[in-house]
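The residues making up each chain are set out below.
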Amino acid sequence: MTYYILAIITLVTPIIVWAHYLLINYFERKAMAELSILLHPDCKESLRKDIHEFNRITHGRFNELQLLDYYLKIKGLQIVDLHTSSSSHVRNYLMKPTKIKLNYSETVIFYEKFLNMPQASGLDATCSFDL
C-alpha cells in the first residue's frame, strides 16, 4: 500500500508543477497582451519600433522577449493605476521584478526616450479587455 501511495505522489507531483508553470505562463502572456494594447492602441508596429530602438540602446545584449518584459513593466507602471485596474493578472504582472537589469547609461537613455512620451488620449485604465 505504501508503494502505491509513493508511486501516485511521484507521478502526480510533476504534473502539478507543470500545470502550475503553464498557468503562470498563460496569465503572464495575457497581461503582456493587455498592456501592449493599452500602451499602443494604434498598432503593433509602433511597439515593434520601440522594442527595436530599445534593442539598439542595449546593443543587442538581450532578446526581444526580455526587452518587451522590461518595456511593458516600466511603461505600464507609469500609465496603469494599480488601485483601480480591474485586471488582477496585469496588476500581478506589473508587481513582479523585470527579467533584466540595465546599466546606468542604458536606464537613463530608456527613461529619456520612452517615459517622456505623451499618453494617448482617451485611455481608461479601468477598462477590461476581451482577448
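Within every chain, residues take consecutive numbers counted from 1 along the sequence as written. Only residues with pLDDT of at least 70 get local features here, since the model is predicted, and only at 80 or more are side-chain atom pairs given and counted; chain-wide, interface and lining totals rely on the full set of residues. As a convention, hydrogens and water are excluded, and side-chain values are obtained from all of the structure's heavy atoms.

Our next topic: the pattern of salt bridges. Close approach of charged atoms lets side chains of opposite charge pair. We count a salt bridge whenever a side-chain nitrogen from Lys or Arg sits within 4 Å of a carboxyl oxygen from Asp or Glu. Scanning all chains against the criterion turns up 6 salt bridges. Glu-53 is paired through a salt bridge with Arg-56; the nearest N and O atoms lie 2.5 Å apart. Taken together, the residues span about one helical turn, with Glu-53 and Arg-56 both in helix 2 (residues 44–57) at a distance of 3 residues. With its nearest N and O atoms 3.5 Å apart, the salt bridge here joins Glu-53 to Lys-113. Separated by 60 residues along the polypeptide, Glu-53 in helix 2 and Lys-113 in helix 5 (residues 104–114) bring together distant segments of the chain. Relative accessibility thresholds used throughout: buried, under 20% of the residue-type maximum; exposed, over 50%; partly exposed, between the two (1.4 Å probe, protein chains only). Residue Glu-53 is classed as partly exposed on the basis of its relative accessible area, which comes to 21%. Ionic contacts of the salt-bridge type, sharing partners, join the residues Glu-53, Arg-56 and Lys-113 into one network. In this text, helices come from DSSP runs of H or I with a minimum length of four residues, and strands from runs of E with a minimum of two, each type numbered from the N-terminal end.

The next point concerns the side chain of Thr-58. Relative to the helices and strands, Thr-58 resides in the loop between helix 2 and helix 3 (64–79). Here Thr-58 falls in the buried class, since its relative accessible area comes to 0%. Ignoring anything within four residues of it in the chain, the contact list for Thr-58 reads Leu-67, Leu-102 and Glu-106. By definition, residues are in contact when any of their heavy atoms lie within 4.5 Å.

Quick look at the packing of aromatic side chains now. By convention, a stacked pair of Phe, Tyr or Trp rings (six-membered ring in the case of Trp) has centres within 6.5 Å and planes under 30 degrees apart, an edge-to-face pair has planes over 60 apart, and any other such pair is tilted. If you walk through the whole model with that rule in mind, you get 9 aromatic pairs. Geometrically, the ring pair formed by Phe-54 and Phe-110 is tilted, given 4.8 Å between the ring centres and 45° between the ring planes. Residue Phe-54 is located in helix 2, and its partner Phe-110 is located in helix 5; the two are separated by 56 residues in the primary sequence. For the pair shown, Phe-54 and Phe-110 are each scored as buried. Considering the side-chain rings of Tyr-71 and Phe-114, the 5.5 Å spacing of their centres and the 90° angle between planes classify their relative orientation as edge-to-face. On the criterion of sequence distance, the pair formed by Tyr-71 in helix 3 and Phe-114 in helix 5 is long-range, its members being 43 residues apart.

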